[in-house]
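Here's the letter readout for the chains.
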Amino acid sequence: MEEIDKLLEDFKKRDRRALSRLITIIENNFYKIQKKFYLLLDGTQKSYIIGVTGAPGAGKSSLINLLISAFRKEGKSVGVIAVDPTSHRTGGAFLGDRIRMQSHALDKDVFIRSMGSREGKGGLSLSTPLAVRLLDAYGFDIIMVETVGIGQEDIEIFKLSDTGLLVVTPESGDDIQLIKAGNLEEADIIVINKADREGADRLYKEFKRELGNVKNSYGFSPIIVKVSTVKKEGISELIEAIDIHKRFMEDNRVFEKKRRERNLSLFYLLMDYTIRKTLREEGIILKDIESGNIDPFTGVKKAMNVICE
Amino acid sequence: MNRRLRVLIAKPGLDGHDRGAKVIARALRDAGMEVIYTGLHQTPEQIVETAIQEDVDVIGLSILSGAHIPLFKRVMDLLKEKGAEDILVFGGGVIPEDDIPVLESFGVKKIFTPGTSTREVIEYLEEYFKNGRN
Ligand SMILES: Nc1nc2c(ncn2[C@@H]2O[C@H](COP(=O)(O)OP(=O)(O)O)[C@@H](O)[C@H]2O)c(=O)[nH]1
Ligand SMILES: [Mg+2]
């Protein structure tokens, strides 16, 4: 326990090692700091959170790399959480997003952390929102979260972000189908990356046509931006689009709404985690249900007693 | 304890291919580890800073360029400077037999010479961490 207190103290002094150790604890043994975690957060959420999702190879990491440079030019500090899929079979993960971002490795105002998706739904486990909260408490102006998203799962990351970017490319011909299926309406900005490749203009027009009159749940029409990270083109337009979205949210009181929803979703994740953890420790109820000794309904009653003790 | 080994595989130096590094990275992933891979031409400063941000248990350096002695020395010095000498460092690549004791004297725990199977590397790490992170 003393070790944890020391970590928390070091974190408050903005020690990077403490930050990175705490993220590991979040991922492995969150219960160890669960009771003290709120002490770190002091109630404020100041960072601007940008979610970046899209198919593998769409250029998300390359894009984040350029966005880091752009934000750093404005003097803003940047924290990045890059989530890559965990193999369900082995539990291992190949975390390669940093390859594109290593030019920022020695910048004291940039912190990049790779995470395996582990058992999280939609690429997001409890660890991701908690790590974002931690980066926020540490004081980064901007936090970017990269997740691999295919279809429906994208939504999870958009819920976590102030501005959600969906990265598509001219190669991935099925993206328009996804739009039509209505899965992507919560993206705030659609980034057509690899605009140096053939078909980008056609894709742009298609998106414009499909999304021209579409408004998301709070009345915002997604902005479509063409980018080429290899040619370093379109980045200032993207920054501008993020700004437009941010202003829209400020003008329409969407910010508070988003943050309230985020708190609620974190609450559910924490409840889920706490219940599972408590029941695993208690043990007997789970065994009884598994073996058929008690039915699930009786199980709930017993579990409520254990949890409320 | 629900922990997973985190390993940084890095390729310092100037030589231009990382096949060996990728092979070991994938093998460690398949053994259930989280492998952070940073690509070619990493400086010792980048490697150590990355290791800290990623809070890894292990750094594996793949070296072919022949400049292994100063590179390893610098990595080990920086780790000490940052109070991160608890991270296990191993190396792989074409390293002359005579240089191995020199590298070990810097605190490098293990050198795997060409021909080592990925299985051996995995077994070494699993054995080293069988009682958890130090
Ligand atoms: N032609 C082209 N290739 C790109 C562009 N952006 C990224 N790539 C390439 O796409 C591949 C995947 O990029 P990466 O950023 O790792 O994608 P991620 O998997 O979405 O994070 C790499 O080989 C990049 O060089 C672009 O604007 N144009
Ligand atoms: Mg990536």
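Residues numbered from 1 in each chain as written. Chains lettered and ligands numbered in written order. Predicted model: local features only at pLDDT ≥ 70, side-chain atom pairs only at ≥ 80, totals over all residues. Heavy atoms only, no water.

(A) A look at the packing of aromatic side chains. For the structure shown, the criterion picks out 14 aromatic pairs over all chains. With a centroid separation of 6.3 Å and an interplanar angle of 40°, the aromatic rings of Y218 of chain A and F248 of chain A are classed as tilted. Within this pair, whereas Y218 of chain A is found in the loop between α8 (200-211) and β8 (223-226), its partner F248 of chain A is found in helix α9 (residues 235-251), the two being separated by 30 residues in sequence. On the numbers, 5.8 Å between centres and 55° between planes, the contact of F267 of chain A with Y268 of chain A is tilted. The partly exposed category is assigned to F267 of chain A, whose relative accessible area is 44%. When its relative accessible area of 54% is taken as the criterion, Y268 of chain A is described as exposed. An aromatic cluster of three or more residues is present, and its members are F90, F112, Y124, Y128 and F129 of chain B. R26 of chain B extends its terminal NZ or CZ atom over the ring of F94 of chain A, reaching a point 4.6 Å from the ring centre. (Phe/Tyr/Trp six-rings, centres within 6.5 Å; stacked < 30°, edge-to-face > 60°. Helix = DSSP H or I, 4+ residues; strand = E, 2+ residues; numbered from the N terminus. Buried < 20%, exposed > 50% of the residue type's maximum accessible area, 1.4 Å probe, protein only. Lys NZ or Arg CZ within 6 Å of the ring centre and 35° of its normal.)

(B) Examining the sheet that holds strand β2 (residues 34-37) of chain B more closely. Here we have six strands laid out as an open sheet, ordered β3(A)-β2(B)-β1(B)-β3(B)-β4(B)-β5(B), and parallel in their pairing. Edge strands, defined here as strands with exactly one partner in the open sheet, are β3 (93-95) of chain A together with β5 (110-112) of chain B. Taken pair by pair, the neighbouring strands of this sheet meet at an average axis angle of 20°, ignoring direction. Inspection of the sheet shows β3 of chain A paired to β2 of chain B by three bridges, in the parallel sense. Considered in β2 of chain B, the bridge of F94 of chain A is made with V35 of chain B. Sheet contacts for helix α2 (residues 44-53) of chain B: β1 (6-10) and β3 (58-63) of chain B; angle to β1 of chain B, the most-contacted strand, approximately 165°. (Pairing = 2+ DSSP bridges. Axes fitted to C-alpha atoms, helices over the stretch in contact; angles between N-to-C directions. Contact = heavy atoms within 4.5 Å.)

(C) Structural view of the site of ligand 1. Residues and elements named next belong to chain A. In the region of ligand 1, 17 residues are neighbours, and K60, S62, R100, D196 and T229 sit closest. Between ligand 1 and the protein, one listed contact pairs an oxygen atom with a side-chain N or O atom of S62 at 2.5 Å. A distance of 3.1 Å separates a nitrogen atom of ligand 1 from a polar atom in the side chain of N193. In isolation ligand 1 offers 580 Å² of accessible surface; the protein chains occlude 77% of this area. When residues in the shell around ligand 1 are grouped by element, the largest group, three residues, is from helix α4 (residues 60-73). Residue classes in the shell around ligand 1 are distributed as four nonpolar, seven polar and six charged. (Near = heavy atom within 4 Å. Polar contact = N/O pair within 3.5 Å; in protein donor to acceptor, adjacent residues only side chain to side chain. Areas by Shrake-Rupley, 256 points an atom, 1.4 Å probe, with all protein chains shown as cover. Nonpolar A, V, L, I, M, F, W, Y, C, P; charged D, E, K, R; others polar.)

(D) Spotlight on the coordination of the magnesium ion (ligand 2). Residue and element names in this part refer to chain A. On the protein side, the magnesium ion (ligand 2) has S61 (OG), D97 (OD) and E146 (OE) as donor atoms, found 2.1 to 2.2 Å from it. Mapped onto the sequence, the donors of the magnesium ion (ligand 2) take the spacing S-x35-D-x48-E. Separated by 36 residues along the polypeptide, S61 in helix α4 and D97 in the loop between β3 and β4 (110-116) bring together distant segments of the chain. The same class applies to S61 and to D97, which are both buried. (Donors = N, O, S within 2.8 Å, 3.2 Å for Na, K, Ca; no water.)

(E) Structural view of the layout of surface pockets. Residues and elements named next belong to chain A. Here the second largest pocket defines a volume of roughly 670 Å³. Contributing to the lining of the second largest pocket are 29 residues, with P56, G57, S61, D97 and R100 lying nearest its centre. At the level of elements, α4, β3 and β5 (142-148) are the ones that each hand at least two residues to the lining of the second largest pocket. At five residues, α4 tops the list of elements feeding residues into the lining of the second largest pocket. Per-class residue counts for the lining of the second largest pocket are nine nonpolar, ten polar and ten charged. (1 Å grid on protein atoms, 1.4 Å probe; cavity = no way out; pocket = protein on both sides within 12 Å on 5 of 7 lines; lining within 4 Å. Points joined across faces, edges and corners; volume = space filled by probe spheres on them.)

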